[in-house]
Amino acid sequence: MNKAVHDGIWSGTWVAERLGVELVGGDELTGLLGLALRRNPKRAHLLVSHVLGKHVPQSPSVVYGHGLALGRRVRDLLGEREAASAVVLGYAETATGLGHCVADGLGPVPYLHSTRRPVPGVRPAGGFEESHSHATSHLLLPEDPALLATSGPLVLVDDEFSTGSTVLNTIRDLHARHPRKRYVVVALVDMRSPADTARLDDFARGIGARVDLVAAASGTVRLPEGVLDKGRELVARYERTAPAPSEPATQPAPGAGGRVTRVALHWPPGLPDGARHGFTPAHRDRLERALPGMAARLAQALPAHARRVLVLGCEELMYAPLRLARELERITGAEVRTSTTTRSPVLAVDDPGYAIRSRLVFPAHDDPADGPGERYAYNVAGAGFDAVLLVVDSAADTPHLHAPEGLLARLAAHTPHVLLAVVPSYVPAPRQESPPMLPEPLRGPAFSSYAPEEVGWLLQDLSEVTLEAPTEEREEAIQSGGAHYAESLPVEYQPSAQYQELFHAALGASADRIARAVGAVTELVLAERSPRPVLVSLARAGTPVGVLMRRWAAFRHGLELPHYAVSIVRGRGIDANALRWLAAHHDPADVVFVDGWTGKGAITRELADAIAQFEQEGGAAGFDPEIAVLADPGACVRTYGTREDFLIPSACLNSTVSGLISRTVLRADLVGPHDFHGAKFYRELAGADLSNAFLDTVAARFPEAADAVEVSVKELLAGDRAPTWAGWAAVERISEEYGIHDVNLVKPGVGETTRVLLRRVPWKILARAGAGADLDHVRLLAEQRGVPVEEVAELPYTCVGLIHPRYTRGATGADGKAVAL
């Protein structure tokens, strides 16, 4: 059953009639919840969820579906931009699995749950108390201490929101360490009183943060006067006169009852068993890939006649058993249910109007910090399971588990087949006091077609790794939340002869303008930032511009400036190891970050946030996050060569105008915590390489541009260059006018529009009326991909590229196909 009502009897009737407890709310409340009595001096009643997968065995699809739905609601509430920077925190032990599911629904975000199991060598990053619980201390033990130090929204997940005290305690503790502007509280049910609601609202105002709530259902619990004493008396009386059903009066003899079989899962090495120390999007990807094989091994181990199977998790270990159960449900014909053992002491009453029908009692088997004690499995005995698959982590696979009175023996007394699957307990490696020595920059010709003095790449070479995926597959994965754009690469197509001709024509027409802009931005940097700046380009679009700025400084001032290229990834920040290398070799105050152009300013904001986070986490201070760009049509920066939106030919091509280097890659299985981000060197495209031709053509115009640059720099230094962020405002307006509702899918400016046509799945192109030859290459690409170009009378950019807002394969354009350029 998916509901707490069976044959017309609500599973809270027994408690409601005897204690006068009343559930006030819509029908959805009694559909989700039953009632039971706690064996707890602090609270008489227990709300028993039928969709949590904890006390009540339930279909894993139902359990997972409720968590995913809540996560998607959070994503809709936050919007794509804020959702991408969120961190999810779940509460032990009951909501550890629910928090995982919410994170899955929210998107590729990290997840951490609190724990009551201290882990030697892992320093707590916080903690809080749960006042009404039988076990109060929650520890936060992230492997990466920076996980909770972000500025994005924190999403807190619990099974029920009763008084709000636990959430308030959590936010108070974490906000004092890492203040942020937004919190979202997620629960299956919101049962707060009006006074509790007002208390949290007042608290949020007091810390200057926004706190939202997302719940599947809401209502209140009306408790009569003296309910706590009545509840204690009722529990004591019932336990004296009617022992808990299915709790054997004598201990089962060793070997009695059902058969216990150990099944090898082949859990992926190094994959965390859950989120006690953090669970990243990369971990989730590894789990998704491994689940089918693990489930197949479990299915093969099940007895052939098993028609009703329970997958039983162990206390905080809820998510891995749930996902295994969901796979078994998918590939077998059995009726699969999932639930979890628990610390919570609850009275069991074998009555259809009561939520906890049976109870198995067994000793703790994971060496708990609070010492030995009883543990429980509810609604397992007498439920008619042909087989029970117990999933524990290796820390809980102890002699107590296998003892005559242990959990395995208890289960074997009530089902003919018991299977045991053990997930390796993940223990973080001891934290190093200082990171290992970072390698020297990569240089051409071994890495890139640029001369070795032109640029040093603070990247690792992934040239031998297959990372490319078809454009349509990448777009579908990115928009569905299944992958981040930096985890794969678009296929690097050889440009056609027609397209190369267009590039050369554009370069001939714009080289003078580019030379003037290069000179102007370089002179601004020398005048305002540092007399001997260290140029650090944002790979890869910024790299050709950084090389040209270095050449201008040598041409005009005889300076040989250091120049490096580093990776920055939207939603993930700048490569912190690259910053550490730079700080170890140069004064951070001399570093000037360089990019090709601004669109709406997303990378400008990303860099500022990343530098702030780097310093908060103990990195070197002094890096100036303001970017110097060749063109600033979005009005996002102060240091620029021009604010015109014109064709910069380096935007026309991919690697073949950027030293044959791919865009950067950040994937956890390839980039470790002490590695630079990765990229590929496409040596095989050397025959089509135009990187140095582009640089040489522009640099050849420097002498004739010198006088114009001098005039332009005087005007820029005297004028008002304060960012207005007009581009961002325009993008938000376009996003709403065209029904996209996601600024990440609106790419303004000639450069960004070109990249949409080369790398993403374009929906349509907006072109300023009368834009002329600057858009010849855009029109050619749009024609090749079957994408309409719509002329717009008033457009702050020369053009804007719109990525398909609801992409599935086949939605590409007129013919649904990508084009080989």
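Chains are numbered independently. Their residues run from 1 in the order of the written sequence. Only residues with pLDDT of at least 70 get local features here, since the model is predicted, and only at 80 or more are side-chain atom pairs given and counted; chain-wide, interface and lining totals rely on the full set of residues. Computation of side-chain values: all heavy atoms of the structure, hydrogens and water removed.

*Asks:* I'm lost on the pairing of strand β10 (residues 154-161) in this one. Help?
*Replies:* Within a regular beta strand, the side chains point alternately toward one face of the sheet and then the other, so they alternate between its two faces. Note on exposure labels: buried denotes an accessible area under 20% of the residue type's maximum, exposed denotes more than 50%, and partly exposed covers the range between, all computed with a 1.4 Å probe on protein chains only. Here a strand is any run of E in DSSP of at least two residues, a helix any run of H or I of at least four, and the numbering for each starts at the N terminus. For β10, the buried fraction is high: eight of the eight residues fall into the buried class. Only strands that DSSP links by at least two bridges are regarded as paired with each other. Sheet analysis places strand β6 (residues 87-90) next to β10, joined by four bridges and oriented parallel. In the sheet register, V88 faces β10, and the bridge partner there is V155. For β10 and strand β11 (residues 182-190), the ladder comprises seven bridges, and the chain directions are parallel. Within β11, the position partnered with L154 by the bridge is Y183.

*Asks:* Explain the pattern of salt bridges here, please?
*Replies:* Oppositely charged side chains may form a pair once their charged atoms are brought near each other. The term salt bridge refers to a side-chain nitrogen of Lys or Arg lying within 4 Å of a carboxyl oxygen of Asp or Glu. Counted according to the given criterion, the structure contains 39 salt bridges. D190 is the partner of R192 in a salt bridge, and the nearest nitrogen-oxygen pair spans 3.0 Å. Under the relative-accessibility criterion, D190 is labelled buried at 11%. With its nearest N and O atoms 2.2 Å apart, the salt bridge here joins R205 to D202. In this pair, R205 and D202 both sit in helix α6 (residues 194-207), three residues apart, roughly one turn of the helix. For R205, a relative accessible area of 59% puts it in the exposed group.

*Asks:* Teacher, can you tell me more about the packing of helix α3 (residues 60-84) against helix α9 (residues 319-331) here?
*Replies:* In helix packing, the relevant descriptors are the interaxial angle and the interaxial distance, both defined with respect to the helix axes. Between the N-to-C directions of two axes lies an angle of 0 to 180 degrees, each axis being a line fitted to C-alpha atoms and, for a helix, fitted only over the stretch in contact. Running from N to C, α3 and α9 cross one another at 125°; their axes reach a closest spacing of 8 Å. The pairing of α3 with α9 is recorded here as oblique in orientation. Here α3 and α9 pass one another in a crossing that is left-handed. For the pair α3 and α9, the contacting residues are P60, S61, V63 and Y64 in the first and Y319, L322, R323, A325, R326 and E329 in the second. Each residue receives one of three labels: charged for Asp, Glu, Lys and Arg, nonpolar for Ala, Val, Leu, Ile, Met, Phe, Trp, Tyr, Cys and Pro, and polar for the others, Gly being one of them. For the contact of α3 with α9, the class distribution of residues is six nonpolar, one polar and three charged. Working definition: roughly parallel below 35 degrees, roughly antiparallel above 145 degrees, roughly perpendicular at 65 to 115 degrees, and oblique for all remaining angles. Two helices crossing with the near one rotated counterclockwise from the far one by less than a right angle form a left-handed crossing, whereas a clockwise rotation gives a right-handed crossing. Contacts between residues were defined by any pair of non-hydrogen atoms, one from each residue, lying within 4.5 Å.

*Asks:* Honestly, the nonpolar core in this entry has me stumped. Any pointers?
*Replies:* Nonpolar side chains in soluble globular proteins generally cluster together in the buried interior. What we call a nonpolar core is a set of buried Ala, Val, Leu, Ile, Met, Phe, Trp, Tyr and Cys residues that are connected through their side-chain atoms within 4.5 Å. Counting residues in hydrophobic clusters, the biggest one holds 112 residues, and the most contacted among them are L37, L106, V155, V186 and Y354. The greatest single-element share of this core, amounting to eight residues, is contributed by α3. Here V155 is in contact with V74, A86, V87, V88, L89, L106, V184 and V186, once residues within four sequence places are set aside. L489, V629, F681 and V709 belong to the second largest nonpolar core, which has 84 residues in total.

*Asks:* What am I meant to see in the packing of aromatic side chains here?
*Replies:* To describe a pair of aromatic rings, you give the distance between the ring centres and the angle between the ring planes. The rule is short: rings of Phe, Tyr and Trp, with Trp giving its six-membered ring, pair when the centres are within 6.5 Å, and they are stacked under 30 degrees, edge-to-face over 60, tilted in between. Summed over all chains, the structure comprises 13 aromatic pairs. Where F614 meets F623, the ring centres are 6.2 Å apart and the plane angle is 70°; that geometry is what we call edge-to-face. The exposure classification of F614 matches that of F623, with both residues buried. Each residue in the set F447, Y450, W457 and F681 is aromatic and connected to the rest through ring pairs, giving one cluster. Any Lys NZ or Arg CZ found within 6 Å of a ring centre and within 35 degrees of that ring's normal is scored as a charge over the ring. Taking NZ or CZ as reference, R605 lies 4.5 Å from the ring centre of W725, over its face.

*Asks:* Mind showing me how you'd approach helix α17 (residues 691-699) here?
*Replies:* Those residues of α17 not exposed but buried are S691, F694, L695, V698 and A699. Considered in projection along α17, the buried side chains sweep an arc of 120° and stay on one side of the axis. What the arc describes is the spread of directions from the helix axis to the C-beta atoms.

*Asks:* For this particular structure, what's the right way to read the sheet that holds strand β13 (residues 259-263)?
*Replies:* Sheet strands pair via backbone hydrogen bonds, and the direction of the pair is either parallel or antiparallel. Taken together, the five strands give an open sheet; going across it, the order is β13-β19-β18-β14-β15, and neighbouring strands pair in parallel fashion. The open sheet has two edge strands with one neighbour each: β13 and β15 (335-341). On average, adjacent strands in this sheet sit at an angle of 20° to one another, irrespective of strand direction. Note that strand β14 (residues 308-314) and β15 share seven bridges and pair parallel. Bridged to L312 within β15 is S339. Running over the sheet, α9 touches β14, β15 and β18 (387-393) and is turned about 170° from β15.

*Asks:* Got a minute to help me understand the packing of helix α14 (residues 542-557) against helix α18 (residues 702-718) in this structure?
*Replies:* One can describe the packing of α14 onto α18 by two numbers: an axis separation of 12 Å at closest approach and a directional angle of 85°. Between α14 and α18, the crossing angle belongs to the class labelled roughly perpendicular. Mapping the contact onto sequence places L548, R551, W552, F555 and R556 in α14 and F702, P703, A706, V709 and E710 in α18. Class assignment of the residues belonging to the contact of α14 with α18 gives a composition of seven nonpolar, no polar and three charged.

*Asks:* Is there a simple way to think about the sheet that holds strand β3 (residues 22-25) in this case?
*Replies:* Spatial strand order, β3-β12-β11-β10-β6-β7: six strands in an open sheet with mixed pairing. Bordering the open sheet on either side are β3 and β7 (111-113), each of which pairs with just one other strand. Geometrically, the sheet is characterised by an average inter-axis angle of 30° between neighbouring strands, direction not taken into account. In the packing of helix α4 (residues 96-106) onto the sheet, the strands contacted are β6, β7, β10 and β11, and the crossing angle to β10 comes to about 135°.

*Asks:* How should the environment of G751 be read in this particular structure?
*Replies:* With respect to the element layout, G751 can be found in helix α20 (residues 750-759). Residue classification places G751 among the buried residues on the basis of a relative accessible area of 9%. Between the alpha carbons of G751 and G596 there is a distance of 8.7 Å; along the sequence they are 155 residues apart.

*Asks:* What is the right way to look at unusual backbone geometry in this model?
*Replies:* Negative phi values dominate among residues other than glycine, just as trans dominates among peptide bonds. The residue after A92, namely E93, is reached through a cis peptide bond having omega -5°. Looking at the element boundaries, E93 is found in the loop between β6 and α4. Cis geometry marks the peptide bond from G444 to P445, where omega comes out at 0°. Of note, P445 is situated in the loop between β19 (417-423) and β20 (456-457). Unlike most non-glycine residues, E315 shows phi in positive territory, near 55°. Within the secondary structure, E315 sits in the loop between β14 and α9. Accessibility expressed as a relative area gives 5% for E315, which makes it buried. Positive phi, close to 55°, is recorded for A635, a residue that is not glycine. Along the chain, A635 turns up in the loop between β28 (627-631) and β29 (639-642).

It is worth stressing that arrangement in space is one thing and function is another; only the former is reported here.
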